[in-house]
Amino acid sequence: MSGQGPVTGPDGLPRCPWGLESADRADYRAYHDTEWGSPVHGDDALYERICLEAFQSGLSWLTILRRREGFRAAFADFRIAKVAAFTEADEQRLLADPGIIRNRAKIEATIANASAAAELDPGELDELIWSYAPDGRPAPRTTADVPAITEESTALSRALKKRGFRFVGPTTAYALMQACGLVNDHLAGCHLRRAG
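Residues numbered from 1 in each chain as written. Predicted model: local features only at pLDDT ≥ 70, side-chain atom pairs only at ≥ 80, totals over all residues. Heavy atoms only, no water.

The name given to the protein chain in an unreviewed UniProt entry is DNA-3-methyladenine glycosylase I, with the source organism recorded as Streptomyces coffeae.

Here is the structure:
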């Protein structure tokens, strides 16, 4: 099955096809151009990405992007120590919050993941996640060349689950790796493709 290669946008720059701006998807272009695939470090920052990828499971990433500020407000800017201290009252507040995805299992996982992260030493979550960054592979030429799961994402998923994290299956772990720059899945020819 063949995939789609980079597409040139109205500004003359070639992008991964999902990163093109359209009237109803301007958020995608901004995310593609300024965040996706850029290295993310720091326990709180990585915890946020784990949570957002978990909330995205089964939904469009655009849905998550459009509610990102709502998620940040609801989950104390994803500060691990604060979310780990959430109570049953906080859970009820979150289930009633229209600014986020009100999925009980995902809300419970987000709080549990904060508790799991809080058990780690400072910097350990960052070190753990980045230890699964592969040495590199050829640039994907089309969307068909971009995997959904890799050996590294499967191993990262296992490592996170072993430490008590939830909603971190191999596909979610791979999306995390893409979003946080552990892998560079900008297509060959995309103006944001970096060496590596």
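Now, onward.
Let us now look at unusual backbone geometry. Look at Ala76: it is not a glycine, yet its phi comes out positive at around 50°. As for its placement among the helices and strands, Ala76 is situated in the loop between helix H4 (68-74) and helix H5 (80-84). (Helix = DSSP H or I, 4+ residues; strand = E, 2+ residues; numbered from the N terminus.)

Quick look at the environment of Asn113 now. Residue position: Asn113 is located in helix H7 (residues 104-118). On the accessibility criterion, Asn113 (1% relative accessible area) is buried. Residues Asn113 and Ser131 lie 18 residues apart in sequence; the distance between their C-alpha atoms is 19 Å. Polar side-chain contacts of Asn113 include one of 2.7 Å to the backbone nitrogen of Arg166. (Buried < 20%, exposed > 50% of the residue type's maximum accessible area, 1.4 Å probe, protein only. Polar contact = N/O pair within 3.5 Å; in protein donor to acceptor, adjacent residues only side chain to side chain.)

Quick look at the environment of Leu182 now. Residue position: Leu182 is located in the segment after helix H10 (170-179). Judged by relative accessible area, which is 6%, Leu182 ranks as buried. As for Leu182 and Glu151, which are separated by 31 residues in sequence, their C-alpha atoms are 13 Å apart. Those residues in contact with Leu182, other than ones at most four positions away along the chain, are Ile129, Trp130, Tyr132, Ala133, Pro134 and Met177. (Contact = heavy atoms within 4.5 Å.)

Once that is clear, we can look at the layout of surface pockets. In this model, the largest pocket occupies a volume close to 500 Å³. Taken together, 21 residues form the lining of the largest pocket, with Trp36, Gln56, Trp61, Ala175 and Gln178 sitting closest to its centre. Only helix H1 (26-34), helix H2 (43-56) and H10 provide two or more residues apiece to the lining of the largest pocket. The element contributing the most residues to the lining of the largest pocket is H10, with six residues. Here the residues of the lining of the largest pocket are counted per class, giving 13 nonpolar, six polar and two charged. (1 Å grid on protein atoms, 1.4 Å probe; cavity = no way out; pocket = protein on both sides within 12 Å on 5 of 7 lines; lining within 4 Å. Points joined across faces, edges and corners; volume = space filled by probe spheres on them. Nonpolar A, V, L, I, M, F, W, Y, C, P; charged D, E, K, R; others polar.)

Turning our eyes to something else, we now look at the packing of aromatic side chains. How two aromatic rings sit relative to each other is given by the distance of their centres and the angle of their planes. Tallying each qualifying case throughout the model produces nine aromatic pairs. Look at Tyr47 and Phe78: their rings are 5.9 Å apart centre to centre, the planes differ by 65°, and that puts the pair in the edge-to-face class. Taken together, the residues span a long stretch of sequence, with Tyr47 in helix H2 and Phe78 in the loop between H4 and H5 at a distance of 31 residues. Like Tyr47, the residue Phe78 is buried in the burial classification. (Phe/Tyr/Trp six-rings, centres within 6.5 Å; stacked < 30°, edge-to-face > 60°.)

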